Amino acid sequence: MVSARCPGLCAMLALTLLLGCGVASSLGQNDTEPIVLEGKCLVVCDSNPSSDGAVTSSLGISVRSAGAKVAFSAVRGTNHEPSEMSNTSMTIYFDQVLVNIGNHFDLKASVFLAPRRGIYSFSFHVVKVYNRQTIQVNLMQNDYPVISAFAGDQDVTREAASNGVLLMVEREDRVYLKLERGTLMGGWKYSTFSGFLVFPL
């Protein structure tokens, strides 16, 4: 039986090796002496998992967390009047997902739900078309506006409100775009909203 020290709270991996099914062997750290496990359970702990969500034990076993990679990118592919829902909530809706690693971006609601606490990067590019009104777009964390962007040139047919930020986000925080000022009645085709996990905390 092989054991490893587990100081404090640790990331734990339980590997059940051939329970009741004879003997299993694997190479140790020096790749010369086999470790013989006879129907035992090997528990590997590490109080310092790597920044990408992987856990590496003293035996050289590395296991990547299922939620280690998180990224999304959504785009508006059609140009039509906002729906009744978007007029009411002022949420800026998207209709296509280009990337959704982890499936944490809800396309129907156009909201990103954070799967874990960490530092995230978000950026947006909201286009107003044939619209002389000034628009203000807010990036919302839950119901709190974090950053804003404006587009108000009346002499161009298309203009974009763009911004980006690094945010500390808690698990199950909601991040989305809200139209704080103006309208998008001309449509917002080619608008984008993207984000990804930089590193977990």
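Residues numbered from 1 in each chain as written. Predicted model: local features only at pLDDT ≥ 70, side-chain atom pairs only at ≥ 80, totals over all residues. Heavy atoms only, no water.

Peer 1: What's the story with the environment of Val 75 in this structure? I'm lost.
Peer 2: Within the secondary structure, Val 75 is located in strand S7 (residues 71-75). Relative accessible area serves as the criterion here: at 13%, Val 75 is assigned to the buried category. Note: C-alpha distance between Val 75 and Ser 191 (116 residues apart in sequence) is 5.6 Å. Those residues in contact with Val 75 that sit more than four places away from it in its chain are Phe 94, Asp 95, Gln 96, Leu 98, Tyr 190, Ser 191 and Thr 192. (Helix = DSSP H or I, 4+ residues; strand = E, 2+ residues; numbered from the N terminus. Buried < 20%, exposed > 50% of the residue type's maximum accessible area, 1.4 Å probe, protein only. Contact = heavy atoms within 4.5 Å.)

Peer 1: Help me understand the packing of aromatic side chains, please; the structure alone is not making it clear to me.
Peer 2: By convention here, two paired aromatic rings are described through the distance between centres and the angle between planes. One pass over the structure, following the stated rule, counts nine aromatic pairs. Each ring, one from Phe 105 and one from Phe 193, has its centre 6.1 Å from the other, and the planes form 75 degrees; the classification is edge-to-face. On the criterion of sequence distance, the pair formed by Phe 105 in strand S9 (residues 105-106) and Phe 193 in strand S16 (residues 192-200) is long-range, its members being 88 residues apart. A relative accessible area of 0% places Phe 193 in the buried class. Seen from their ring centres, Tyr 120 and Phe 122 are 6.1 Å apart, and the 15 degrees between their planes marks the pair as stacked. Comparing Tyr 120 with Phe 122, the two get one shared label, buried. (Phe/Tyr/Trp six-rings, centres within 6.5 Å; stacked < 30°, edge-to-face > 60°.)

Peer 1: Got a minute to help me understand the sheet that holds S7 in this structure?
Peer 2: Two modes of strand pairing occur in sheets, parallel and antiparallel, and in both the strands are linked by backbone hydrogen bonds. Across the sheet, which stays open at both edges, the five strands sit in the order S8-S7-S16-S11-S14 with antiparallel pairing between neighbours. At either end of the open sheet lies a strand with only one pairing partner, and these are strand S8 (96-101) and strand S14 (158-169). Neighbour to neighbour, the strand axes of the sheet diverge by 5 degrees on average, direction disregarded. (Pairing = 2+ DSSP bridges. Axes fitted to C-alpha atoms, helices over the stretch in contact; angles between N-to-C directions.)

Peer 1: What is the right way to look at the environment of Lys 108 in this model?
Peer 2: Its place among the elements puts Lys 108 in the loop between S9 and strand S10 (111-113). What makes Lys 108 exposed here is its relative accessible area of 73%. Lys 108 sits 12 residues away from Gln 96 along the chain, and the two C-alpha atoms are 9.7 Å apart.

Peer 1: Quick question: what am I supposed to make of the nonpolar core here?
Peer 2: Nonpolar side chains in soluble globular proteins tend to be buried together. Counting 29 residues, the largest nonpolar core has Phe 122, Leu 139 and Phe 193 as the members making the most contacts within it. Ignoring any residue separated from it by four or fewer positions in sequence, one finds Phe 193 in contact with Phe 72, Ser 73, Ala 74, Phe 94, Phe 105, Phe 122, Ser 123, Phe 124, Leu 139, Val 175, Tyr 176 and Leu 177. (Core = buried A, V, L, I, M, F, W, Y, C linked by side-chain atoms within 4.5 Å.)

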